[in-house]
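# Structural features, examined
If you want the building blocks of each chain, they are given just below.
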Amino acid sequence: MKTFINKLISSRIFTDCFTQIESYKHFYNSRKALAALDDNMLEDIGITRAEAEKEAAKPFWRSHKYSLIKNRAKTKQTKKLNNFNKVRP
């Protein structure tokens, strides 16, 4: 019974490591592709050059999950608040 459990644990660890390596590879390739886009393409997807460069500069082990989306939402929310404050006397 112990050998079965040991095999199960070791195969799970291998699978987790492999999955993590694949994620790192995906992050690296995504950031590389984002950095290669020209300004017109970035405009089409709603990202500025500064945002793309900031994302591309991150290390491969840092997840990019929703980081651009969160930043865009914060920016839009800030603009709305600023516009609201301008309208009010």
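The preceding data block contains the structure.
Residues numbered from 1 in each chain as written. Predicted model: local features only at pLDDT ≥ 70, side-chain atom pairs only at ≥ 80, totals over all residues. Heavy atoms only, no water.

### Concerning the overall build of the protein chain
Helix and strand content of the protein chain: four helices and zero strands. Counting from the amino terminus, helix and strand elements in the protein chain follow one another as α-α-α-α. For the protein chain, the proportion of its 89 residues judged to be buried stands at 11%. (Helix = DSSP H or I, 4+ residues; strand = E, 2+ residues; numbered from the N terminus. Buried < 20%, exposed > 50% of the residue type's maximum accessible area, 1.4 Å probe, protein only.)

### So, helix α3 (residues 49–56)
When α3 is considered as a whole, its buried residues turn out to be Glu51, Ala52 and Glu55. For α3, the arc enclosing every buried residue in end-on projection is 100°, short of the 170-degree limit, so these residues lie on one face. Within α3, the exposed residues directed more than 90 degrees away from the buried face are Ala50, Glu53 and Lys54. (Arc of directions from axis to C-beta.)

### Structural notes on the pattern of salt bridges
Tallied over the full model, the rule gives three salt bridges. The salt bridge involving lysine 58 is made with glutamate 55; its shortest N-O contact spans 3.2 Å. Taking the relative accessible area as the measure of exposure, glutamate 55 reaches 6% and is therefore buried. Among the charged side chains, a salt-bridge network with shared partners connects Arg31, Glu55 and Lys58. (Salt bridge = Lys/Arg side-chain N within 4 Å of Asp/Glu carboxyl O.)

### Concerning the packing of aromatic side chains
One pass over the structure, following the stated rule, counts two aromatic pairs. Between phenylalanine 60 and tryptophan 61 the ring centres are 5.1 Å apart and the planes differ by 85°, which places this aromatic pair in the edge-to-face class. With a relative accessible area of 38%, phenylalanine 60 lands in the partly exposed category. Given a relative accessible area of 52%, tryptophan 61 falls into the exposed group. One aromatic cluster is present, formed by Tyr24, Phe60 and Trp61 through successive ring pairs. (Phe/Tyr/Trp six-rings, centres within 6.5 Å; stacked < 30°, edge-to-face > 60°.)

### Some remarks on the environment of glutamate 51
Within the fold, glutamate 51 resides in helix α3. Looking at glutamate 51, the relative accessible area reads 14%, which means it is buried. C-alpha of glutamate 51 to C-alpha of leucine 34: the two residues are 17 residues apart in sequence and 10.0 Å apart in space.

### Notes on the environment of alanine 52
Assignment of secondary structure puts alanine 52 in helix α3. Residues alanine 52 and leucine 37, 15 residues apart in the sequence, show an inter-C-alpha distance of 8.8 Å. For alanine 52, the contacting residues outside a window of four places in its chain are Leu34, Leu42 and Ile47. (Contact = heavy atoms within 4.5 Å.)

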